[in-house]
4 protein chains.
Amino acid sequence: MTTQVRAAIVGSTGYGGVELIRFLLNHPQVIITSVISSSSAGAPISEGFPHLNAIMQESLDAVDIPLIAAKADVVFLATPAGVAAKLAPDMLEAGLKVIDLSGDFRLKTPELYTQWYKREGAPQEDLDKAVFGLCEVYGDQVQGVDFISNPGCYPTATLLGLVPAVKAGWIDPSTIIVDAKSGVSGGGRGLSLGAHYAEANENLSAYKLNRHQHIPEIEQVLSDAAGKPVTMTFSTHLVPMTRGIMATCYAQLSGAHDTQAFIDLYRQYYEGRKFVRIREQGKLPATKEVWGSNYCDIGFAVDERTNRVTVISVIDNVVKGAAGQAIQNLNLMMGWDETAGLNFTPVYP
Amino acid sequence: MTTQVRAAIVGSTGYGGVELIRFLLNHPQVIITSVISSSSAGAPISEGFPHLNAIMQESLDAVDIPLIAAKADVVFLATPAGVAAKLAPDMLEAGLKVIDLSGDFRLKTPELYTQWYKREGAPQEDLDKAVFGLCEVYGDQVQGVDFISNPGCYPTATLLGLVPAVKAGWIDPSTIIVDAKSGVSGGGRGLSLGAHYAEANENLSAYKLNRHQHIPEIEQVLSDAAGKPVTMTFSTHLVPMTRGIMATCYAQLSGAHDTQAFIDLYRQYYEGRKFVRIREQGKLPATKEVWGSNYCDIGFAVDERTNRVTVISVIDNVVKGAAGQAIQNLNLMMGWDETAGLNFTPVYP
Amino acid sequence: MTTQVRAAIVGSTGYGGVELIRFLLNHPQVIITSVISSSSAGAPISEGFPHLNAIMQESLDAVDIPLIAAKADVVFLATPAGVAAKLAPDMLEAGLKVIDLSGDFRLKTPELYTQWYKREGAPQEDLDKAVFGLCEVYGDQVQGVDFISNPGCYPTATLLGLVPAVKAGWIDPSTIIVDAKSGVSGGGRGLSLGAHYAEANENLSAYKLNRHQHIPEIEQVLSDAAGKPVTMTFSTHLVPMTRGIMATCYAQLSGAHDTQAFIDLYRQYYEGRKFVRIREQGKLPATKEVWGSNYCDIGFAVDERTNRVTVISVIDNVVKGAAGQAIQNLNLMMGWDETAGLNFTPVYP
Amino acid sequence: MTTQVRAAIVGSTGYGGVELIRFLLNHPQVIITSVISSSSAGAPISEGFPHLNAIMQESLDAVDIPLIAAKADVVFLATPAGVAAKLAPDMLEAGLKVIDLSGDFRLKTPELYTQWYKREGAPQEDLDKAVFGLCEVYGDQVQGVDFISNPGCYPTATLLGLVPAVKAGWIDPSTIIVDAKSGVSGGGRGLSLGAHYAEANENLSAYKLNRHQHIPEIEQVLSDAAGKPVTMTFSTHLVPMTRGIMATCYAQLSGAHDTQAFIDLYRQYYEGRKFVRIREQGKLPATKEVWGSNYCDIGFAVDERTNRVTVISVIDNVVKGAAGQAIQNLNLMMGWDETAGLNFTPVYP
């Protein structure tokens, strides 16, 4: 019989944290032993999240590393920028496995982090310890490690949509333009005017053009796939819906490849990876078709008039873009079936 | 080891049908052996519902009772008004267990059905065979039967909110007024101007005041609970959201009972029933707190100024108001744990 | 030729203030001479409200009563609770006409205010000076006065839906139950978790049952109409839309009056009042049908089974429930056509 | 004193038609003398659009050209594809001025129309008579003509965002990629699964990639501006909101031009044109900031890393993208102030 892994969640009162809870409660090999919040320690988690009434009675713990190490084997960090950089090294030291959902360990150098996040980054030696857990691309590097940096929501959608084409040399990486759109939950539970209902509803806005902190994370992986430095144009838009990300990716073709060829290429690349679904010719995925699930659905349109391909990639930002992929990383790390605890059909309608 | 029950779903291309699929795929004792649609037979179900790509490859079967009887042990009817009345008797005859999600077998006489549904009803002898499966009220009558009529969405929310108080004699049944509100999915997948996005979005409307076909279904159960005929006022409103029903129920108090007394009464009545959650004093449930799940959450406010109680009862109309409760009925019918296949945490946010 | 009245708006950075600007810019006899905000003084108003770019270039003024009195003839107070109580007396003293959109002067005694608003109210002598400007009921009392207290959003919808029936003695006032629903803008521009997009979207919640501060305002007018004290049940719900209020009002009939009789009664009561539209038999108004306009639409359903009437009354909460009615009050106060500046067709879809 | 122009509206039961009514009712020099619908002739227009109750009592007329010519001076055609091609020539013959809001007369040859619209187009001689009324670009060609083809919604947003840069030679036209997003009302009032509330809500989808019928309309004007044939990539997305279009336009820079230079260039190009508003550096427009109005707001972000410019252009698809621009064209045609009847502040929130 399998021993269950004991999990702690830091940042349990954010959307990523509460979604980790939803999935881990369903995980056959994991038991949640501590839900942690620096701001609400002591209160029952169901007070701030009444949907957990009668499901999770636990009160929130404070951030106390020795205590966490005593209660848990693995810790998920669903914390704001800058927090994981401080916590993760000590947690690793205390013998915990760490899966960080923030951006603190995604970039390869502190300088790059500072440039895009406008704050001091984790030291180089700590960055070097983290494995970037884009499961369907770097999954084999994750197995057996202790420290995973979970990819961002935009990078996950974008990279799953672009890596196979870049790797195959079918598109010119210098021509990549990504027009990304996200639901409002991407901004978290912290209050802001942009997420105020009467402002966000019946509204569509663009933000952080060319300045989004996910840009270097994407370029890092694209450069790796291309074997040379890649710079791209990346735009983010706020869409009046709670969940969902769509990355509409444009690039100039290198060579003659039609839509069906792209479909075949991607199906081959993602063979055996349950959570990536490639649509057949003439069909494009919509965000609602992955809602609440860990799927990433991808569709293609090659245009002969312009010799460009458009790749549409959709995920649920809170699941495949955060909590779901984090659990998928745990599964890979532990050598389990990567779908354990994640076999949820998208909720429709 | 348990043998799995084989299930067929008629009406698989409606919202109730597709939600039955989502939950049954997760049910440890059930296997779906046929998904059936009279209108789309032959097509893969994922063609009309792309979220099922790579999850359910099956093509839709036609409605063929002998074939269904050969492939399945139990059949769910998620069909428009009038269809189940024709299919159910022959299906029972063919040895199938039947769970009907439509209104065809909910009312006790054909005359009552004709009066409210404005069409001919099933004959009395067929009506007499069906057990009304409001699980937390009539659950003990469901065990072991072959034919269940699954309650409507509005009746489920309303009755779970009112039955304990009526049964206890704490409210005057002649003063009951129910102001019910539903998300747009309650109208199904059939196109209509009222469900056209640009008309329903940023809009709130009332409809079928005093004429909704769920009224006699509610009054039937309230009369049963009161031990005398109950007539009530019932209003329905369309709210710009996909899922969710709230029944705001008003009644004059019989005797002095404060909010906490109501809470205690209901907690006692629903003791051991996992899917009804009674909120503590000062807390009222919101529809999002049960979204995607089989829960019914209930809260109370007694007003001393007016000597009235207000009961707020919320469900997800497609789950506890349709597919979820149907599966809960299957569980009770088979003598299984009533939560089998239904242990989903509400999706939040 | 008419001289234009000069208007100042205090609280120009709230939704009520900015809607006053939209309508007054269109008013033939009014010119806005000062937009005022205590929190953002000095900044251009279009900085916080970019939709006003190239339309209104003015910077926000601070609250300075002598300056306002020098620049304006009339001042609108669209301020949070407690502010108008302090400002209005001095403004009146300084010779300004004052129209207060807050609740500070709506209740007839300081004690009642303290009981419901949980704060100290304006002194009795100041309360006595204000005229309650529910235009279609008290319009004749408004003409020529200097100080108007503009009704609340819920009271406007509720009272226009109930006053004629109460006045005519057609319903029993002791049986009135009002189930009110509002769009999220009713909570203003101040940030709160309840108005956070990911929480409010796809959600329906009830709040402040029996405790809403608009209750005494409604009861005050109903008591006046009934000629005796009226106590009622009043519930408020938050609906996932930006604008719109619906009051669904229930009451026991006094005497035999069918739906058409109610329609006739109300058409007679509101004869000549353009902004109240009574729907014909079988039609019920929806909030979208008054969206962005100053209309209040009312429909009826009498139920012979229960001997009750249901009255549906809808308004745009920011217009007829705030800025629009305030301007209508200005028009009545000045002896102008009550529709001046308000002749906007609802925006549909 | 000015004589009023008499206007007829064919297609008064669509969203474009009803929005023409809203604006023309407010136009000082126009009187609506006939509202026409082939499908609902005889019924009062307020039956299908209750928001017009007490505002417009007229019944709908049938399509009868001699009658229209007798009652009106100008006719607006807000009709489905293919209808205007049949009606317009006879209407012109009958002495009417015609403003066509459909795509029937926007393309320069019948062949191009057939290629993109997949149906037979109007004959060349009729196409030659129509002037393409993109007001801020071709406004001077509109004055005094009898027949205007009103631009499409996507082309209006896109072209106002790109023409000045293309004309100035600041961007390489062969690199243009437009990622366009629209609210659901763009699909009209006709029912479809894609516009069914439960499918469109909380969903974001892409459609008609590289195949949208607005592509040749855009390329035609861009080619005109560039002085050489332009082919571009154009994608359309459906956003869960009722109104609003955003065109996010990408292009490679020709020469060194920073964001401020673009702002200056566009401000100069659109000088004196009230309905185009150029945002200052660091500010990007959102669709809500033009909601319900005839404005087109434009913002820029030049990226030195990639040497590309991103242009964000937003309109209300039903106003500047349809009815509003049609009236603006009438104003230009008649030699009136182009803002007559259109001086509406955007509705916010």
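Bear in mind that the values here come from a model prediction, so they are computed numbers and not experimental data. (Residues numbered from 1 in each chain as written. Chains lettered and ligands numbered in written order. Predicted model: local features only at pLDDT ≥ 70, side-chain atom pairs only at ≥ 80, totals over all residues. Heavy atoms only, no water.)

### Quick look at the overall build of chain A
At step 1: Counting its regular elements, chain A contains 12 helices and 13 strands.
At step 2: The C-alpha atoms of chain A give 20 Å as radius of gyration, which agrees with the globular expectation for 349 residues (20 Å, within 12%).
At step 3: Residue burial in chain A is summarised as follows: out of 349 residues, 67% are buried.
At step 4: Total accessible area computed for chain A in this model is approximately 11000 Å², and 48% of it derives from carbon and sulfur atoms. (Helix = DSSP H or I, 4+ residues; strand = E, 2+ residues; numbered from the N terminus. Rg over C-alpha atoms; globule rule 2.2 N^0.38 Å. Buried < 20%, exposed > 50% of the residue type's maximum accessible area, 1.4 Å probe, protein only. Areas by Shrake-Rupley, 256 points an atom, 1.4 Å probe, with all protein chains shown as cover.)

### Side note on the nonpolar core
At step 1: Judged by nonpolar contacts, the single largest core of 197 residues is most densely connected at Phe76 of chain A, Phe76 of chain B, Phe76 of chain C together with Phe76 of chain D.
At step 2: With residues near it in sequence (within four places) discarded, phenylalanine 76 of chain A still touches Ala7, Ala8, Ile9, Val10, Leu20, Leu24, Ile99, Leu101, Ala326, Ile327 and Leu330 of chain A. (Core = buried A, V, L, I, M, F, W, Y, C linked by side-chain atoms within 4.5 Å. Contact = heavy atoms within 4.5 Å.)

### Focus on the relation of the copies chain D and chain A
At step 1: Superposition record for chain D on chain A: RMSD 0.0 Å, screw rotation 180°, translation along axis 0.0 Å. Accordingly, the operation relating the two chain copies is best matched by a two-fold axis. When C-alpha distances to the rotation axis are compared across chain D, the minimum falls at proline 240 of chain D, with a value of 3.2 Å.
At step 2: Both copies contact each other with a shared surface, as 100% of the interface residues of chain D are interface residues in chain A too. (Least-squares fit on C-alpha atoms with pLDDT ≥ 70 in both.)

### Points about the side chain of arginine 189 of chain A
At step 1: Within the fold, arginine 189 of chain A resides in the loop between strand S7 (177-182) and helix H9 (197-200).
At step 2: A polar contact is formed between the side chain of arginine 189 of chain A and the backbone oxygen of glycine 48 of chain A, at a distance of 3.2 Å.
At step 3: Excluding residues within four positions of it along the chain, arginine 189 of chain A makes contact with Thr13, Tyr15, Gly48 and Phe49 of chain A, Tyr348 of chain B together with Leu193, His196 and Glu199 of chain C. (Polar contact = N/O pair within 3.5 Å; in protein donor to acceptor, adjacent residues only side chain to side chain.)

### Remarks on the relation of the copies chain C and chain B
At step 1: For these two chains of identical sequence, chain C goes onto chain B by a turn of 180° and a shift of 0.0 Å along the axis, with RMSD 0.0 Å.
At step 2: Both copies share a contact surface, since 100% of the interface residues of chain C are interface residues in chain B too.

### Quick notes on the interface of chain D and chain A
Accessible area lost when the parts come together is the quantity often used to give the size of an interface.
At step 1: Chain D puts 48 residues into the contact, and the matching count from chain A is 48 residues.
At step 2: In total, about 4000 Å² of surface goes out of reach between chain D and chain A, with carbon and sulfur atoms giving 55% of it.
At step 3: Among the residues of chain D in contact with chain A, Glu202, Leu204 and Arg305 of chain D are the three that bury the most area, contributing 19% of the side total.
At step 4: With a closest N to O distance of 3.0 Å, lysine 181 of chain A and aspartate 179 of chain D form a salt bridge.
At step 5: Where chain D packs against chain A, one counts 34 residue pairs in polar contact (both at pLDDT 80 or more).
At step 6: Classifying every residue of the side of chain D that touches chain A by side-chain character gives 23 nonpolar, 15 polar and 10 charged. (Buried area = accessible area lost by both parts, 1.4 Å probe. Salt bridge = Lys/Arg side-chain N within 4 Å of Asp/Glu carboxyl O. Nonpolar A, V, L, I, M, F, W, Y, C, P; charged D, E, K, R; others polar.)

### Let's talk about the UniProt feature "domain: Semialdehyde dehydrogenase NAD-binding" (unreviewed entry) in chain A
At step 1: Feature annotation in UniProt assigns "domain: Semialdehyde dehydrogenase NAD-binding" (unreviewed entry) to the following positions: residues 6-145 of chain A.
At step 2: Secondary structure across residues 6-145 of chain A comprises 37% helix and 16% strand; the distance between its end C-alpha atoms is 17 Å. (UniProt positions renumbered as here; feature names shortened; annotations may be inferred.)

### Describing the UniProt feature "active site" (unreviewed entry) in chain A
All names here are of chain A.
At step 1: The sites that UniProt annotates as "active site" (unreviewed entry) are Cys153.
At step 2: Judged by relative accessible area, which is 14%, cysteine 153 ranks as buried.
At step 3: If sequence neighbours within four positions are ignored, cysteine 153 has contacts with His214, Ile245, Ile315, Asn317 and Gly321.

### Considering the packing of helix H7 (residues 135-142) of chain A against helix H12 (residues 319-334) of chain A
All names here are of chain A.
At step 1: Where H7 contacts H12, the two axes come as close as 10 Å, and the packing angle between them is 35°. The two elements H7 and H12 meet at a crossing, and its hand is right-handed. Contact residues: H7 offers Cys135, Glu136, Gly139 and Val142, while H12 offers Lys320, Gln325, Gln328, Asn329, Leu332 and Met333. (Axes fitted to C-alpha atoms, helices over the stretch in contact; angles between N-to-C directions. Left-handed = near helix turned anticlockwise from the far one by under 90°.)

### Topic: empty space enclosed by the protein
At step 1: Throughout the structure, instances matching the rule amount to 4 cavities of 30 Å³ or more.
At step 2: Taken as a whole, the largest cavity holds about 90 Å³ of empty space.
At step 3: Taken together, 13 residues line the largest cavity, and the ones lying closest to its centre are Glu202 of chain A, Glu202 of chain B, Lys288 and Trp291 of chain C together with Trp291 of chain D.
At step 4: Counted by class, the lining of the largest cavity contains 5 nonpolar, 4 polar and 4 charged residues.
At step 5: Roughly 70 Å³ of volume is contained in the second largest cavity.
At step 6: Residue composition of the lining of the second largest cavity, by class: 8 nonpolar, 4 polar and 1 charged. (1 Å grid on protein atoms, 1.4 Å probe; cavity = no way out; pocket = protein on both sides within 12 Å on 5 of 7 lines; lining within 4 Å. Points joined across faces, edges and corners; volume = space filled by probe spheres on them.)

### Quick notes on the interface of chain C and chain B
At step 1: Contact residues are listed per partner, giving 48 residues for chain C and 48 residues for chain B.
At step 2: For the chain C and chain B pair, buried surface summed over both sides reaches about 3900 Å², with 55% attributable to carbon and sulfur atoms.
At step 3: When residues of chain C are sorted by the area they lose upon contact with chain B, Glu202, Leu204 and Arg305 of chain C head the list and together hold 19% of the total.
At step 4: The interface formed by chain C and chain B contains 4 salt bridges.
At step 5: Where chain C meets chain B, there are 34 residue pairs in polar contact (both at pLDDT 80 or more).
At step 6: Per element, the largest residue contribution to the side of chain C that touches chain B is 4 residues, and it comes from strand S7 (residues 177-182) of chain C.
At step 7: Here the side of chain C that touches chain B is composed, by residue class, of 23 nonpolar, 15 polar and 10 charged.

### Considerations on a nonpolar patch on the surface
At step 1: A cluster of nonpolar residues, Leu191 and Leu193 of chain A together with Leu191 and Leu193 of chain C, forms a patch on the protein surface that exposes about 310 Å² of accessible area.
At step 2: Mapped onto the fold, leucine 191 of chain C is located in the loop between S7 and helix H9 (197-200).
At step 3: The exposure class assigned to leucine 191 of chain C is partly exposed, which follows from its relative accessible area of 41%. (Patch = residues over 30% accessible without salt bridge, like charges linked within 9 Å, V, L, I, M, F, W, Y side chains within 5 Å.)

### A short note on the sheet that holds strand S2 (residues 30-36) of chain D
Residues and elements named next belong to chain D.
At step 1: Read from one edge to the other, the open sheet built from 6 strands follows the order S2-S1-S3-S4-S6-S5, with strand pairing classed as parallel. Each having just a single partner strand, S2 and strand S5 (131-132) make up the two edges of the open sheet.
At step 2: Inspection of the sheet shows strand S3 (residues 74-77) paired to strand S4 (residues 97-100) by 4 bridges, in the parallel sense. The partner of phenylalanine 76 across the bridge, within S4, is isoleucine 99.
At step 3: Sheet strands touched by helix H4 (residues 83-93): strand S1 (5-10), S3, S4 and strand S6 (147-149). Its angle to S3, the strand with the most contacts, is close to 175°.
At step 4: Set on the sheet, helix H12 (residues 319-334) makes contact with S1, S2, S3, S4 and S6; between it and S4 the angle comes to about 150°. (Pairing = 2+ DSSP bridges.)

### Things to note about H12 of chain A
All names here are of chain A.
At step 1: Helix length check: H12, at 16 residues, gives a terminal C-alpha distance of 20 Å against a target of 22 Å (1.5 Å per residue), a shortfall beyond 12%.
At step 2: Where burial is concerned, most of H12 is hidden: 15 out of the 16 residues are buried.
At step 3: A positive backbone phi angle near 80° is found at glycine 335, which sits one or two residues after H12. (Expected span 1.5 Å × (residues − 1).)

### Describing the pattern of salt bridges
Residues and elements named next belong to chain A.
At step 1: Considering all chains together, one arrives at 68 salt bridges over all chains under this definition.
At step 2: The shortest N-O distance in the salt bridge between aspartate 126 and lysine 129 comes to 3.4 Å.
At step 3: On the basis of relative accessibility, which here comes to 8%, the residue aspartate 126 falls in the buried class.
At step 4: The network of salt bridges with common partners includes Glu19, Arg22, Arg243 and Asp316.

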